[in-house]
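Now for the letters of each chain:
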There are 2 protein chains.
Amino acid sequence: MHPIDVFARSASEFRDGRLSGEVLHHAKRAVIDWHAALFPGLDADPVPRLRRVLADDLDRGGARLPGGRAATWRAAALLNGTAAHAAEVDDSFRDAMYHPGAATVAAALATAQQLGTDGLGFLRGVVMGYEVSTRIGVALGRAHYRHWHNTGTVGTFGAAAATAGLLGLHGAPFGHALATAATFAAGLQQAFRMDSMSKPLHAGRAAEAGVLAAQLAAEGVTGSRDVLDGDAGLGRAMSDGPDWSTVGDTLGRDFHITRLTFKNHIGCGHTFAAIDAALELVRRHGLRPAGIRRVRVATYGPALDIACHQEPATENEARFSLRFVVATALVHGSVRLEAYTPQRLADADVRAMMERINAVVDPAIDAAFPARRSARVEIETMGGELHAWLQPDRKGDPELPLSDTELDGKFLELASPVLGAAGARALLARLWSLDAAPEGALARLF
Amino acid sequence: MHPIDVFARSASEFRDGRLSGEVLHHAKRAVIDWHAALFPGLDADPVPRLRRVLADDLDRGGARLPGGRAATWRAAALLNGTAAHAAEVDDSFRDAMYHPGAATVAAALATAQQLGTDGLGFLRGVVMGYEVSTRIGVALGRAHYRHWHNTGTVGTFGAAAATAGLLGLHGAPFGHALATAATFAAGLQQAFRMDSMSKPLHAGRAAEAGVLAAQLAAEGVTGSRDVLDGDAGLGRAMSDGPDWSTVGDTLGRDFHITRLTFKNHIGCGHTFAAIDAALELVRRHGLRPAGIRRVRVATYGPALDIACHQEPATENEARFSLRFVVATALVHGSVRLEAYTPQRLADADVRAMMERINAVVDPAIDAAFPARRSARVEIETMGGELHAWLQPDRKGDPELPLSDTELDGKFLELASPVLGAAGARALLARLWSLDAAPEGALARLF
């Protein structure tokens, strides 16, 4: 059976089956984390420029932008999908090297708003998008990731599956939505190996392409059911001809959406265990910046190779500077969006703290990489005490997930600058009760 | 220099340089042939379905659909690009294995209508799109064509270059339009190896993606200038890492637009030399169907391998049946759109003629393939005369181009069923005088 047919056959089970409380809970967490990533992206390049380009698709249509501005179905998917990936703090599914939320939730939300779907139906669409697309991403494997940006390519399937599910497609038309999505999928890794604004557009274009593919399938447009596994199909064109035979084996039983990684910091992920360890020491010992004499970070080699900038001059270099982000954590208590403002890049306290930080490779930690992504931080105080903490995994990985409270904290921190503290709290409450939201409520979400 | 920079540098020459009368003439021919392909595509799948999906982008905006219905800029590009490829009779540039017109002209026309560009400016945009994209297609070569559909992938550059040119971008922003287009480019060959409606959508999506990429570049959105030639760039992801060093060598001197192939028939191109030979014999000897006793077609092997259906039952099989299309030519005098109607598929005269046709491989003709794509047809009349004609090339190829009069005939035959004979003639006259069309005239073209 073609993998497209496997997914097509599963669609009615997704549509009619009961989602467990656990899956629903994780779906709401994914939607909350998507919103946490969305708000800081709204003013990041290229989002304001894209908003100007799409001006004639705004202030009309049944979908919504943050703030409540009306937008057409596809324009909302394109804009919100782009914004949700622009601050680089969106979720990921590790085994697929893929950020599933950006495109999938953007497409599902625009569709649910346009159609007046209730909250439970919306969450069901989100789950469908995650489950189908992460499995395609896993099948495509590392060979795909060599040249392609999964958030754009695989994300197209997430958006298509979510939209097709919300449109009530199942069986052959659901398959045609995926098949058409396959031949719309795009996004080159090279597009972000040089400084450019392309990367978030991959998520937006994926969201829009998936919506269009599903809309077309609803109108009877057929795709090729062998487009994933055929000789000139996605698997050969964009990977090394992967094995599709097991792609649906756990579908509907093992829910990938329960095993997402939520970023707890903003910056290069290889620095996250070190940040976590530093924050843990601050918390345990009530350390204050002025009381810190010396910091030693021991971690795996690639973390130092990649997060390598010793004296970062730009925002992008700062994101890839282990010294900068650990110093920021020690001085300011978190490494989120404001860590990279021009003021912060020039912050004398952070720069002074950086001078006290030394990073080295720890052979034992390095040997355990990539299965474990650990860091050990030692802090010597001005008073001569020595504190140490080994952080075995990144906070936010499935092994060490953000608690609901921690996720709330991340959301409130990132949403409040846009919505205000009260607005952010109100939206958060609406998101946690999404499964009870009536028809039409999603258009009044923002 | 990155190939993107080569094209970026050439853009101001294209913008400010004088186009020779010969290049302008060929640009008008390309635009006329694009319209000839557009009209029969309007009612072909998936165009009417796409029109319904895009309903909220119609009856507003500055661009136009055939018939004059208003459409938004990008929706017109998407719809007209799809329609221009749907009947499979659009132009090609052989060395790039690519149909350059479908996306390029659709994007240029929508942009020119939106901006109120005059006819000469529009033609200049068309030429830019053809020259940039055909060179990218040639560089990508056969390795790209193995999995990818150039009309979708390479077409994105045609649409982006044309639109960027019409927007007045040159230098770096022109390059960013191409760079963003590169990471939007998509379209798998597998999408039409199984019966599906995807293929024309590749042209439409290319037109729309190119327009969007150029619109974004005009708003200052940057792409990666190394996106074609970098390690994870288009050349490696979608081909075999081609040599880009000569991509701009003949740019602005040798105009590819003067060497297009225009299809003179509808169906598998490998049958065209045989159709041409049969029609030549009819013309020379005044043959009538009832006077034909026996027909022998001798051609190259792949023509028989591909156009192989002996008793075609469906429209698609008929397009790939040498016997059917030669019989149609002998009975009805042309092999265009109406050759594939249900009535014609069941036409007793055509079926009777098919019984008299025998096709074989000619060793000499086969040895000359693919440099020459020839066919020799022998017809024995009921009166016992034997007539033979060797057709060395396809009519419509650069070596044996359609005369302007023949192009007019093709246009009028394909446009008249939609516009009426007078309407088609009036549009044809407008197209031949495009270089004198004032600002705003393009919005009144249809």
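Throughout this document, residue positions are counted from 1 along each chain, in the order its sequence is written. Starting at A for chains and at 1 for ligands, labels are handed out in the order in which the entities are written. Where totals are concerned, whole chains, interfaces and linings use all residues; where local detail is concerned, this predicted model gives features only for residues with pLDDT of at least 70, and gives and counts side-chain atom pairs only at 80 or more. By convention in this description, side-chain values take in all heavy atoms of the structure and omit both hydrogens and water.

Engineer: Explain the interface of chain A and chain B to me, and be specific about the residues and the numbers.
Structural biologist: Quoted interface sizes are often the accessible area lost when the parts come together. For this analysis, residues touch if any pair of their heavy atoms sits within 4.5 Å. Taken together, the contact pairs 59 residues of chain A with 59 residues of chain B. When two parts are put together, the accessible area they lose, computed with a 1.4 Å probe and summed over both, is reported as buried area. Around 4,800 Å² of area is buried between chain A and chain B when both sides are counted, 57% of it from carbon and sulfur atoms. Salt bridges are identified by distance alone: a Lys or Arg side-chain nitrogen within 4 Å of an Asp or Glu carboxyl oxygen. Across the salt bridge formed by Asp57 of chain B and Arg60 of chain A, the nearest N and O atoms sit 3.6 Å from each other. Identification of polar contacts relies on pairs of N or O atoms within 3.5 Å, with a donor-acceptor requirement for protein atoms, meaning one able to donate a hydrogen and the other able to accept it, and with residues adjacent in sequence counted only if both atoms are side-chain atoms. Connecting chain A to chain B are 33 residue pairs in polar contact (both at pLDDT 80 or more). Under the DSSP-based scheme used, a helix requires at least four consecutive residues in state H or I and a strand at least two consecutive residues in state E, with every element numbered from the N terminus. Secondary-structure elements contributing two or more residues to the side of chain A that touches chain B are helix 3 (47-53), helix 4 (73-86), helix 8 (172-182), helix 9 (198-218) and helix 10 (234-237) of chain A. If one sorts the elements of the side of chain A that touches chain B by residue count, helix 9 of chain A sits on top with nine residues. Each residue is assigned to one class: nonpolar for Ala, Val, Leu, Ile, Met, Phe, Trp, Tyr, Cys and Pro, charged for Asp, Glu, Lys and Arg, and polar for all the others, Gly among them. Considered class by class, the residues forming the side of chain A that touches chain B number 25 nonpolar, 18 polar and 16 charged.

Engineer: Pulling in residues and values, what's your account of the sheet that holds strand 6 (residues 386-391) of chain A?
Structural biologist: All names here are of chain A. Sheet architecture is open: four strands sit in the order 4-3-5-6, paired in mixed fashion. Both outer strands of the open sheet, strand 4 (357-361) and strand 6, are each paired with one neighbouring strand and no more. On average, adjacent strands in this sheet sit at an angle of 15 degrees to one another, irrespective of strand direction. Lying over the sheet, helix 11 (residues 272-285) contacts strand 3 (292-299), strand 5 (375-381) and strand 6, oriented at roughly 135 degrees with respect to strand 6. One requirement defines pairing of two strands: DSSP has to find at least two bridges between them. Note on geometry: axes are lines fitted to C-alpha atoms, helical ones only across the stretch in contact, with angles between N-to-C directions running from 0 to 180 degrees.

Engineer: Describe the pattern of salt bridges, listing the residues and the values that go with them.
Structural biologist: Overall, the coordinates contain 67 salt bridges over all chains when judged by the stated rule. The partner of Asp393 of chain A in a salt bridge is Arg372 of chain A, and the shortest N-O contact between them spans 2.8 Å. With Asp393 of chain A in the loop between strand 6 and helix 18 (404-432) and Arg372 of chain A in the loop between helix 17 (363-368) and strand 5, the pair connects residues that are 21 residues apart, well separated along the chain. Each residue's exposure class comes from its accessible area (1.4 Å probe, protein chains only) as a fraction of the maximum for that residue type: buried when under 20%, exposed when over 50%, partly exposed otherwise. Overall, the relative accessible area of 37% leaves Arg372 of chain A in the partly exposed class. Of the charged contacts, one joins Lys395 of chain B and Glu406 of chain B as a salt bridge, the two residues approaching to 2.8 Å between their closest N and O atoms.

Engineer: I'd like to hear about the sheet that holds strand 5 (residues 375-381) of chain B, residue by residue, with values.
Structural biologist: Residue and element names in this part refer to chain B. Spatially, 4-3-5-6 is the arrangement adopted by the four strands of the open sheet, whose pairing is mixed. Looking at which strands have only one partner, the edges of the open sheet turn out to be strand 4 (357-361) and strand 6 (386-391). Taken over all neighbouring pairs, the strand axes of this sheet differ in orientation by 15 degrees on average, direction set aside. Across seven bridges, the pairing between strand 3 (residues 292-299) and strand 5 is antiparallel. Among the inter-strand pairings, Thr299 is bridged to a residue of strand 5, identified as Ala375. Against the sheet, helix 11 (residues 272-285) makes contact with strand 3, strand 5 and strand 6, and its axis sits at roughly 135 degrees relative to strand 6, the strand it touches most.

Engineer: Residue-level account of the packing of helix 4 (residues 73-86) of chain B against helix 5 (residues 101-115) of chain B, with values.
Structural biologist: Residues and elements named next belong to chain B. Two elements in contact, helix 4 and helix 5, have axes separated by 8 Å at closest approach and are oriented at 150 degrees. Both helix 4 and helix 5 take part in a crossing whose hand is right-handed. Of helix 5, the residues touching helix 4 (which contributes Trp73, Ala76, Ala77, Asn80, Gly81, Ala84 and His85) are Ala102, Ala106, Ala107, Ala110, Thr111, Gln114 and Leu115. A breakdown of the residues in the contact of helix 4 with helix 5 according to their chemical character gives nine nonpolar, five polar and no charged. Whether a crossing is left-handed or right-handed is set by the direction in which the near helix is turned from the far one by less than a right angle, anticlockwise for left-handed and clockwise for right-handed.

Engineer: Can you tell me about the pairing of strand 5 of chain A, naming the residues and giving the values?
Structural biologist: Residue and element names in this part refer to chain A. In terms of residue burial, strand 5 counts as a mostly covered element, since five of its seven residues are buried. The sheet contact formed by strand 5 and strand 6 spans six bridges and is antiparallel. Considered in strand 6, the bridge of Glu380 is made with Leu386. Adjacent in sequence and paired antiparallel, strand 5 and strand 6 are bridged by four residues, among which Gly384 carries a positive phi angle near 95 degrees.

Engineer: Before we move on, can you summarise the domain arrangement of chain A with the specific residues and values?
Structural biologist: All names here are of chain A. Each domain's extent was defined by an automatic or database domain assignment. With domains assigned, chain A is organised as domain 1 (3-263 + 403-444) and domain 2 (271-391). For domain 1 versus domain 2, the separation of C-alpha centres amounts to 33 Å. For the pairing of domain 1 and domain 2, the buried interface totals around 630 Å² over both sides, and the portion due to carbon and sulfur atoms is 52%. Among the residues of domain 1 in contact with domain 2, Arg94, Lys263 and Glu413 are the three that bury the most area, contributing 49% of the side total. Summed over the shared surface of domain 1 and domain 2, the result is one salt bridge. Residue contributions to the side of domain 1 that touches domain 2 peak at four residues, all from helix 18. When the residues that make up the side of domain 1 that touches domain 2 are grouped by side-chain class, the tally is three nonpolar, one polar and five charged.

Engineer: So, the UniProt feature "domain: MmgE/PrpD C-terminal" (unreviewed entry) in chain A: which residues are in play, and what are the values?
Structural biologist: UniProt records the feature "domain: MmgE/PrpD C-terminal" (unreviewed entry) for residues 268-432 of chain A in the present numbering. Overall, residues 268-432 of chain A shows 50% helix and 16% strand. The separation of its end C-alpha atoms is 29 Å. UniProt positions are given in the numbering used here, feature names are shortened, and annotations may be inferred rather than shown by experiment.

Engineer: Now, about the relation of the copies chain A and chain B: what can you tell me, with residues and values included?
Structural biologist: Between chain A and chain B, which share one sequence, the superposing operator has a rotation angle of 180 degrees and an axial displacement of 0.0 Å; the RMSD is 0.1 Å. One copy is carried onto the other by what is essentially a two-fold rotation axis. Across chain A, the rotation axis passes nearest the C-alpha of Ala186 of chain A, at a separation of 2.7 Å. Counting the interface residues of chain A, we find that 100% of their copies in chain B are interface residues as well, pointing to one common contact surface. Least-squares superposition of the copies uses the C-alpha atoms of those residues scoring a pLDDT of at least 70 in each of them.

Engineer: Lay out the nonpolar core in plain terms, naming residues and giving numbers.
Structural biologist: Of all hydrophobic cores here, the largest spans 304 residues; its most connected members are Phe122 and Phe411 of chain A together with Phe122 of chain B. Each residue touching Phe122 of chain B, except ones within four places of it in the same chain, is listed here: Val31, Val105, Ala108, Leu109, Ala112, Thr117, Leu166, Leu434 and Leu442 of chain B. Nonpolar core, defined: a set of buried Ala, Val, Leu, Ile, Met, Phe, Trp, Tyr and Cys residues in which side-chain atoms within 4.5 Å join the residues together.

Engineer: Run through helix 2 (residues 21-41) of chain A, naming residues and quoting values.
Structural biologist: Across its 21 residues, helix 2 of chain A extends 30 Å between first and last C-alpha, which sits within 8% of the 30 Å expected from 1.5 Å per residue. Extensive coverage of helix 2 of chain A is indicated by the burial of 18 of its 21 residues. Given the number of residues in a helix, its expected span is that number minus one, multiplied by 1.5 Å.

Engineer: Summarise unusual backbone geometry; cite the residues concerned and give the values.
Structural biologist: All names here are of chain B. Going from Asp45 to Pro46, the amide bond is cis rather than trans, its omega being 0 degrees. Residue Pro370 is reached from Phe369 by a cis peptide bond, and omega for that bond is 5 degrees. Positive phi, normally seen in glycine, also occurs at Met97, with a value near 50 degrees. Note that Met97 resides in the loop between helix 4 and helix 5. For Met97, a relative accessible area of 24% gives the class partly exposed.

Engineer: Quick one: what's the story with the side chain of Arg29 of chain A, residue by residue and with numbers?
Structural biologist: Along the chain, Arg29 of chain A falls in helix 2. Those residues in contact with Arg29 of chain A, other than ones at most four positions away along the chain, are Phe262, Pro401, Leu402, Ser403, Asp404, Leu407 and Trp432 of chain A.

Engineer: Account for empty space enclosed by the protein, naming residues and giving values.
Structural biologist: Cavities and pockets are found on a 1 Å grid laid over the protein atoms alone: a cavity is a set of points where a 1.4 Å probe fits but cannot escape, a pocket is an open set with protein on both sides within 12 Å along at least five of seven lines, and a lining residue has an atom within 4 Å of such a point. Grid points are joined across faces, edges and corners, and a volume is the space filled by probe spheres set on the points. For the structure shown, the criterion picks out three cavities of 30 Å³ or more. Taken as a whole, the largest cavity holds about 190 Å³ of empty space. Taken together, 16 residues form the lining of the largest cavity, with Asp57 and Arg74 of chain A together with Asp57, Arg74 and Glu208 of chain B sitting closest to its centre. For the lining of the largest cavity, the secondary-structure elements that each account for two or more residues are helix 4 of chain A together with helix 4 of chain B. Top contributing element to the lining of the largest cavity by residue count: helix 4 of chain B, with four residues.

Engineer: Can you lay out the environment of Leu251 of chain B for me, pointing to particular residues and giving the numbers?
Structural biologist: Residues and elements named next belong to chain B. As for its placement among the helices and strands, Leu251 is situated in the loop between helix 10 (234-237) and helix 11. For Leu251, a relative accessible area of 11% gives the class buried. Taking the C-alpha atoms as reference points, Leu251 and His270, 19 residues apart in sequence, are found 31 Å from one another.

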